[in-house]
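Residue-level structural notes
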Amino acid sequence: MSNPNLLEVEDLSVSFRTDRGWVRAVDSVNLHVAPGETLAIVGESGSGKSVTALSILRLLGDSGQVDRGRILFDGSDLLELDDAGIRKIRGDRIAMIFQEPMSSLNPVLTIGKQVAEPIQLHRGLPWSVALEHATELLRKVAIPDAEHRLGDYPHLFSGGMRQRVMIAMALACDPRLIIADEPTTALDVTVQAQILALLKDLTRETNSALILITHDLGVVARYADRVAVMYGGRIVESAPAGELYSNPQHPYTRGLMNSIPGLDGSPQSRLITIEGQPPDLANLPPGCAFAPRCPHASNVCHDQKPALEQIAEHHLRACHGYE
Amino acid sequence: MAMNEIESDPLLQVEDLKVHFPVTEGVLGRKQVATVKAVDGVSFSLRSGETFSLVGESGCGKSTTALSVMRMLTPTAGRIAFAGEDITRHTPAMMRPIRRQIQMVYQDPFSSLNPRMKIADIIGEPLVVHGMASDKTFYRKQVAELMDLVGLLPNMADRYPHEFSGGQRQRVGIARALALRPRLIVCDEPVSALDVSIQAQIINLFMDLQQELGLTYLFIAHDISVVRHMSDRVAVMYLGKIVEMADRDALFDSPRHPYTQALLSAVPVADPAIESHRPQQLIVGEVPSVRNPPSGCRFHPRCVQAMEQCSQTAPELEANQQGHLTSCHLYGSAEGRLASAEVPG
């Protein structure tokens, strides 16, 4: 039987060189995503969600390194590829959409050039054909008057329109996997809804997979099929979206759900908070990273890191357990 | 009647506020080519002890309104009164005693604190500026009390901002705002830069402080769920105008303006069970430029219910019988006639 997963991340650990020595940003992460599926990776700042995404495309830069693990895409390990090999995958089979549409477009190139370039590069098509293809893509992401805007520069576009252009670029080569890192955080809420609906429709249409990295639990609830919750560089819980929200099993996930105001419809009541501060990755406790903030922590939690274990079908949790 | 007394004496009153910025061109920027009407005729008032929120998307004028209330901007027209005193044209010197009573908490706890000052000095600075620090023992006691009030530990006093996380820095910002015992605190997106788990801590802190100190909040935010949680009354702004204003429950449970309805439906609820069968009324297009707002009702090009008159005449903000204000031709005078027709005799 062939593997149903498009991407499998196995036991991935990533470190960064900092002023305070090597800091582990991602620790023993396992993930998988199937064609047509939307996986959300949720976490707060420093949880390792963005680093996980960047390592899939080998975009860690000079200060980061993969310590161990495998990233299997369509059966081959992306970590084994040479530079030319990964460049073929990047922007072609796997595309990435970043948070800041203002800074990820080149300000001195026209929109038409930026969208058509990957098509010409990866598909070897003549420029005129690539440009036609680009126009179609811009129409697909609902840029009004697309054929007349090819010669415009990014500064003439609004934030939402720039993010649409980013999506058009990402779609240019019919990628099998799209990784979107906080794609709508910089946008107004009415525009956010448009962009995410568009992204979801397009991936469904092409049966490609979407990894959505976000801190917004509302966005996750509306768009994700499955969710992985990260904390301190590790996955602490993963489950289908409906299951995770109706039956959260990790104390951190529960804490997060309680922290969202307005859910239970009792305004002005005190929110149940997670006490304390997010962990310092350079100074993680020896046991569970959440133990210092966990209301249920026992001795074993402070000493030993819990493994991610299956507790129900498709539902995994990394916790020593509590009553 | 007690109720009327409170209503007749608001802590803050903003009437027909207009803030227009000139758009200039030319070498010395002397030629005015256009006007940006960032705030264009906004009226509201705050009762003592309540939380009033202004919500809206970028360019709606909510932050400009806040800065005008702080008198960091001089309004083009209209009137701002604090505790009965007209402060619209106050000079900086005249504002000094008022500033003790109106303080501000900013969005970004990373850039709003001086990185070279110790936490205790940042919190105590307003006391020094206002000449309330001559008695050193009293000053130190005040700073220690403020730190305790916002949940900072005494041993943090001599540390610098970079040693603190976002949530702790926002506590410092709040302690500083409280130093002069203000009556009104203007909060401009005070939790939007914070992680979800920390956001909840700060929201609780705001609510505790309000109870303890009887504070009044003017809350500026784009996060609908936070606004719903904290507010007593809410005004929704769009391109420089208030389009709807009502008590929290009325606004969230039965929004009347098509923009409010679309805004609320655009916000995803953190529950897949609700999300899966929630009608999604996707709003089309984006907020137009404030520099060149649409004619008539400024929302009409994006409105699914727009009628002919919407592009021609701007609707007035009118109240229904419950005091729910909406600026929309769908209601307005026609409903007013209906309502009066129903009154017998």
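Refer to the structure above for everything that follows.
Quick caveat, the model's predicted, so the values are computed rather than measured.

1. Some remarks on the interface of chain A and chain B
- Contacts between chain A and chain B engage 42 residues on the former and 41 residues on the latter.
- Where chain A abuts chain B, roughly 3500 Å² becomes buried across the two surfaces, and 56% of that area is made up of carbon and sulfur atoms.
- Taken as a group, A:T190, A:R222 and A:Q268 account for 20% of the area that chain A buries against chain B, more than any other trio of residues on that side.
- Viewed at the interface, chain B and chain A are joined by 2 salt bridges.
- Note that A:R270 and B:D208 form a salt bridge whose closest N and O atoms lie 2.3 Å from each other.
- Between chain A and chain B we count 18 residue pairs in polar contact (both at pLDDT 80 or more) in total.
- For the side of chain A that touches chain B, the element with the highest residue contribution is helix α7 (residues 189-206) of chain A, accounting for 7 residues.
- Residues that form the side of chain A that touches chain B fall into these classes: 19 nonpolar, 17 polar and 6 charged.

2. Quick look at the packing of helix α6 (residues 159-171) of chain A against α7(A)
Residue and element names in this part refer to chain A.
- The contact between α6 and α7 brings their axes to 10 Å, and the two run at 10 degrees. In this view, α6 runs roughly parallel relative to α7, as classed from their interaxial angle. Contacts between α6 and α7 involve G160, Q163, R164, I167 and L171 from the former and V191, Q194, I195, L198, L199 and L202 from the latter.
- Across the contact of α6 with α7, the residue classes tally to 7 nonpolar, 3 polar and 1 charged.

3. What to know about the sheet that holds strand β1 (residues 7-18) of chain A
Residues and elements named next belong to chain A.
- In space, the 4 strands of this open sheet follow the order β2-β1-β4-β5, with antiparallel pairing throughout. Among the strands making up the open sheet, the edge pair consists of β2 (21-33) and β5 (76-77).
- In the sheet, strand β4 (residues 64-73) pairs with β5 via 2 bridges, with the strands oriented antiparallel. Of the residues in β5, the one forming a bridge with L72 is D77.
- Packing against the sheet, helix α1 (residues 49-56) makes contact with β1, β2 and β4, and its axis sits at approximately 110 degrees to β1.

4. Things to note about the packing of aromatic side chains
- On inspection of all chains with the given rule, the structure shows 9 aromatic pairs over all chains.
- Look at A:Y252 and A:F290: their rings are 5.3 Å apart centre to centre, the planes differ by 65 degrees, and that puts the pair in the edge-to-face class. One end of the pair, A:Y252, is in helix α10 (residues 251-259); the other, A:F290, is in the loop between α10 and α11 (299-303), with 38 residues separating them in the sequence. Like A:F290, A:Y252 is buried.
- Arranged with centres 5.4 Å apart and planes meeting at 90 degrees, the rings of B:F206 and B:Y217 form a pair that is edge-to-face. With B:F206 in helix α7 (residues 196-213) and B:Y217 in strand β8 (residues 216-221), this residue pair connects regions lying 11 residues apart in the sequence. The two residues B:F206 and B:Y217 agree in class, both being buried.
- These aromatic residues form a ring-pair network of at least three members: A:Y231, A:Y252 and A:F290.
- Above the ring of B:Y139, the side-chain terminus of B:K136 is found at 5.2 Å from the ring centroid.
- If you follow B:R256 out to its NZ or CZ, it ends over the ring of B:Y331, 4.1 Å from the centre.

Procedures and definitions
- Residues numbered from 1 in each chain as written.
- Chains lettered and ligands numbered in written order.
- Predicted model: local features only at pLDDT ≥ 70, side-chain atom pairs only at ≥ 80, totals over all residues.
- Heavy atoms only, no water.
- Contact = heavy atoms within 4.5 Å.
- Buried area = accessible area lost by both parts, 1.4 Å probe.
- Salt bridge = Lys/Arg side-chain N within 4 Å of Asp/Glu carboxyl O.
- Polar contact = N/O pair within 3.5 Å; in protein donor to acceptor, adjacent residues only side chain to side chain.
- Helix = DSSP H or I, 4+ residues; strand = E, 2+ residues; numbered from the N terminus.
- Nonpolar A, V, L, I, M, F, W, Y, C, P; charged D, E, K, R; others polar.
- Axes fitted to C-alpha atoms, helices over the stretch in contact; angles between N-to-C directions.
- Parallel < 35°, antiparallel > 145°, perpendicular 65-115°, else oblique.
- Pairing = 2+ DSSP bridges.
- Phe/Tyr/Trp six-rings, centres within 6.5 Å; stacked < 30°, edge-to-face > 60°.
- Buried < 20%, exposed > 50% of the residue type's maximum accessible area, 1.4 Å probe, protein only.
- Lys NZ or Arg CZ within 6 Å of the ring centre and 35° of its normal.

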